[in-house]
Amino acid sequence: MISYKTDSECCGCTACLHVCPKSAISMKESSEGFLMPEIDELLCIDCGRCQKVCEFKIDNKKTNNQTVFAVKKKEQRMESQSGGVFSAIAENFLDLGAVVYGVAMNNFDAVYTRITNTDELKNLKGSKYVQVIVGDIYLDVEKDLGKNKTVLFGGTPCHVDGLLHYLKHKEVETSLLFTYDLVCHGVPSPRLFKEYIELTEFEYNSKVSDFNFRDKILKWHGTTMIVNDEKVISENYARMYLSDLCLRNSCYNCKYAATNRISDITLGDFWGIEKFYPKFDDNKGCSLVIINTEKGKKIFEDIKSSIEYIESSLEECKQPNLMHSSNKPDNRDDFWKDYYEHGFKFSISKYCDYNVNKDYVYSSKI
Ligand SMILES: Cc1cc2nc3c(=O)[nH]c(=O)nc-3n(C[C@H](O)[C@H](O)[C@H](O)COP(=O)(O)OP(=O)(O)OC[C@H]3O[C@@H](n4cnc5c(N)ncnc54)[C@H](O)[C@@H]3O)c2cc1C
């Protein structure tokens, strides 16, 4: 009998589901709102493929002669979370006729999305601080590679590793695959994100038509929502995220929260840029780029002429989630117990200082 990964081990990548020869695995939403694989014991033939593809190992003691840069792509930054380096990379791939994969918002679901032209790039820009739905995206990448297309794929490191394991299992030729991963603090529950939108709509008695997880209109951080055609600035969702109470359970044991990486190039925020390179910092966002492989080197060489950059080091760019996973708060179970018993507003108010009166309208009629 195949044994399940516990929810503190499974990142929800879907590699297991796609290698099952009997389609015995499906993704089901857990009580916390995360998709988890579920095996239909009647269909399962105990072949062990799902367990094999899931043997994720990363040697965190290994070093790869990585190089590190602080980067700004000035004309891209306002819609991007950090210095806009993702857009510079994606644009270059798209201009060369490649396919780019990233994460877009669709009806308040974050979903992996395939794009082939620069008009679609706006949908992938910006971090969506909620766990993404993987869907059948690994199959799409496999199809593109099968047609000899050059592919850029990226997301959270666990999902990039899931793709690499899946492709290896299917013996797919990957010389045309380039990967980027994000430095990742952990992914919040999609269910709680939806609850947050619903609560906001209730409080304002109006639809939320857009949501920006980190708008730069005032500073590098800050969530904005478009409610009733007005831009509302709120720290309530960010406070919930950063409380770490609603991260996927596997995030507290994340083996990718280290400087050794699984992708060709790692992207993040260059925290501490103002300390190390004050002249480079303009408080509008600065990207961290870690080059991990020869392919990563090529990705970076190809965009050098379109960005501003300075070379840095692993020592300078180290931030908590490059050293260890986010800590599981002692009161996480209490938070969820209260959520089940008394509802979302009760829990977020009690544990995350939720207060709608702290929101404010930035501009009317944007
Ligand atoms: C859940 C999450 C946690 C993060 N935690 C950290 C952190 O602790 N420290 C840090 O330095 N950086 C973190 N980042 C990365 C950072 O927020 C920026 O995404 C990164 O620096 C790239 O910024 P950019 O300006 O180059 O591009 P942007 O234009 O902001 O591009 C955003 C990129 O992120 C991808 N993306 C967006 N949402 C998701 C998602 N939910 N899952 C997977 N991929 C997504 C998009 O496809 C795109 O490639 C995190 C990102 C996410 C999504």
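In this text, all values refer to a predicted model and were calculated from it rather than measured experimentally.

## Quick notes on the environment of Glu38
Following the sequence through the fold, Glu38 ends up in strand E2 (residues 35–39). According to the relative accessible area criterion, Glu38 is partly exposed, its value standing at 38%. With 16 residues separating them in the primary sequence, Glu38 and Lys22 have C-alpha atoms 13 Å apart.

## Things to note about the site of the ligand
Around the ligand there are 32 residues in total, and Gln81, Ser82, Val103, Ser127 and Asp269 lie nearest to it. Residue Val85 places a main-chain N or O atom 3.1 Å away from an oxygen atom belonging to the ligand. Take Asp269: an N or O atom from its main chain is 2.7 Å from an oxygen atom of the ligand. Among the elements of the structure, helix H3 (85–95), strand E4 (99–106), strand E7 (177–182) and strand E11 (265–269) are those that each provide at least two residues to the shell around the ligand. Class assignment of the residues belonging to the shell around the ligand gives a composition of 13 nonpolar, 16 polar and 3 charged.

## Examining the nonpolar core
Counting residues in hydrophobic clusters, the biggest one holds 65 residues, and the most contacted among them are Tyr138, Val141, Phe153, Phe211 and Tyr237. Split by domain, the residues of this core number at least three in each of domain 1 (67–187 + 248–322) and domain 2 (190–246 + 330–363). Not counting residues up to four positions away in its chain, the partners in contact with Tyr138 are Cys13, Thr14, Ala15, Phe153, His159, Gly162, Leu163 and Tyr166. Val71, Leu124, Tyr180 and Phe300 belong to the second largest nonpolar core, which has 26 residues in total.

## A look at empty space enclosed by the protein
The final tally for this structure, using the stated rule, is 2 cavities of 30 Å³ or more. There is about 100 Å³ of room inside the largest cavity. Lining the largest cavity are 16 residues; nearest its centre among them are Cys20, Cys44, Ile45, Cys47 and Cys50. Along the lines of polarity and charge, the residues of the lining of the largest cavity split into 12 nonpolar, 1 polar and 3 charged. Surrounding the second largest cavity, Phe108, Asp109, Ala110, Val130, Gln131, Ile133, Pro190 and Phe193 form its lining. Mapped by element, the contributors of at least two residues to the lining of the second largest cavity are strand E5 (109–115) and helix H7 (190–204). Partitioned by chemical class, the residues of the lining of the second largest cavity number 6 nonpolar, 1 polar and 1 charged.

## Section: the packing of helix H12 (residues 332–342) against helix H13 (residues 344–352)
Where H12 meets H13, the closest approach of the two axes is 7 Å, and the angle between their N-to-C directions is 150 degrees. Looking at the two axes, H12 sits roughly antiparallel to H13. As H12 runs across H13, the sense of the crossing is right-handed. Along the contact surface, H12 presents Asp334, Phe335, Asp338, Tyr339 and His342, while H13 presents Phe344, Phe346, Ser347, Ile348, Lys350, Tyr351 and Cys352. When its residues are assigned to classes, the contact of H12 with H13 shows 7 nonpolar, 2 polar and 3 charged.

## Comments concerning the domain arrangement of the chain
Examined at the domain level, the chain breaks down into domain 1 (67–187 + 248–322) and domain 2 (190–246 + 330–363). Spacing between the C-alpha centres of domain 1 and domain 2 amounts to 26 Å. Between domain 1 and domain 2, a total of about 2,100 Å² is buried, with carbon and sulfur atoms accounting for 58% of that surface. For domain 1, the biggest contributors to the area lost against domain 2 are Phe108, Tyr129 and His185; these three give 35% of the whole. Where domain 1 packs against domain 2, one counts 1 salt bridge. A salt bridge links Asp109 to Lys194, with the shortest nitrogen-to-oxygen separation between them at 2.8 Å. Run the count over domain 1 and domain 2 and you get 6 residue pairs in polar contact (both at pLDDT 80 or more). For the side of domain 1 that touches domain 2, the class distribution of residues is 10 nonpolar, 11 polar and 6 charged.

## Some remarks on the state of the cysteines
Scanning all chains against the criterion turns up 0 disulfides. This cysteine, Cys11, is not joined by any disulfide, and Cys158 carries the nearest cysteine sulfur, 4.1 Å off. For Cys11, a relative accessible area of 10% gives the class buried. Cysteine Cys251 remains unbridged, with the sulfur of Cys184 as its closest cysteine sulfur at 6.0 Å. Judged by relative accessible area, Cys251 falls into the buried class, the value being 12%.

## Comments concerning H3
Among the 11 residues that make up H3, 9 are buried, leaving the element largely enclosed by the rest of the structure. Listed as buried for H3 are Val85, Phe86, Ser87, Ala88, Ile89, Ala90, Asn92, Phe93 and Leu94. Looking one or two places after H3, you find Gly97, whose phi comes out positive at around 85 degrees.

## Re the layout of surface pockets
There is about 1,000 Å³ of room inside the largest pocket. Lining the largest pocket are 48 residues, and of these Gln81, Ser127, Tyr129, Arg214 and Asp269 lie nearest its centre. Every element with two or more residues in the lining of the largest pocket is listed here: H3, E4, strand E6 (151–155), E7, helix H8 (236–242) and E11. Considering each element in turn, the lining of the largest pocket owes the most residues, 4 residues, to H8. Residues that form the lining of the largest pocket fall into these classes: 22 nonpolar, 21 polar and 5 charged. Taken domain by domain, the lining of the largest pocket gets at least three of its residues from each of domain 1 (67–187 + 248–322) and domain 2 (190–246 + 330–363).

Definitions and cut-offs
- Note that residues are indexed from 1 along each chain, following the sequence as it is written.
- Given that the model is predicted, a residue must reach a pLDDT of at least 70 before its local features are reported, and side-chain atom pairs must reach 80 or more before they are shown or counted; all residues, however, enter totals for whole chains, interfaces and linings.
- Side-chain metrics rest on all non-hydrogen atoms present in the structure, leaving aside hydrogens and water.
- The helix count covers DSSP runs of H or I at least four residues long, the strand count covers runs of E at least two residues long, and both are numbered beginning at the N terminus.
- Here the term buried applies to any residue with accessible area under 20% of the maximum for its type, exposed to any over 50%, and partly exposed to those in between, with areas from a 1.4 Å probe on protein chains only.
- Residues are counted as near a molecule or strand when any one of their heavy atoms sits within 4 Å of it.
- Pairs of N or O atoms are called polar contacts if they sit within 3.5 Å, as long as, within protein, a hydrogen donor faces a hydrogen acceptor (for residues adjacent in sequence, only side-chain-to-side-chain pairs).
- For this scheme, ten residues count as nonpolar: Ala, Val, Leu, Ile, Met, Phe, Trp, Tyr, Cys and Pro. Four count as charged, namely Asp, Glu, Lys and Arg, and the remainder, Gly too, count as polar.
- Put simply, a nonpolar core is a bunch of buried Ala, Val, Leu, Ile, Met, Phe, Trp, Tyr and Cys residues held in one set by side-chain atoms that sit within 4.5 Å of each other.
- Note that the domain bounds reflect an automated or database-derived domain assignment.
- Contacts were defined at the residue level, with two residues in contact if any of their heavy atoms lie within 4.5 Å.
- Buriedness of a pocket was judged along seven lines, with at least five required to meet protein on both sides within 12 Å; pockets are open sets of points on a 1 Å grid over the protein atoms alone, cavities are sets where a 1.4 Å probe fits but cannot get out, and lining residues have an atom within 4 Å of a point.
- Grid points are joined across faces, edges and corners, and a volume is the space filled by probe spheres set on the points.
- Lines fitted to the C-alpha atoms define the axes, with helices restricted to the stretch that makes contact. Angles between their N-to-C directions range from 0 to 180 degrees.
- With respect to orientation, any angle under 35 degrees is reported as roughly parallel, any angle over 145 as roughly antiparallel, any angle of 65 to 115 as roughly perpendicular, and every other angle as oblique.
- Helix crossings are classified by the rotation of the near helix relative to the far one: an anticlockwise turn of less than a right angle makes the crossing left-handed, while a clockwise turn makes it right-handed.
- Accessible area that two parts lose when put together, with a 1.4 Å probe and added across both, is what the buried area reports.
- We count a salt bridge whenever a side-chain nitrogen from Lys or Arg sits within 4 Å of a carboxyl oxygen from Asp or Glu.
- Cysteine sulfur atoms are paired as a disulfide whenever they fall within 2.5 Å.

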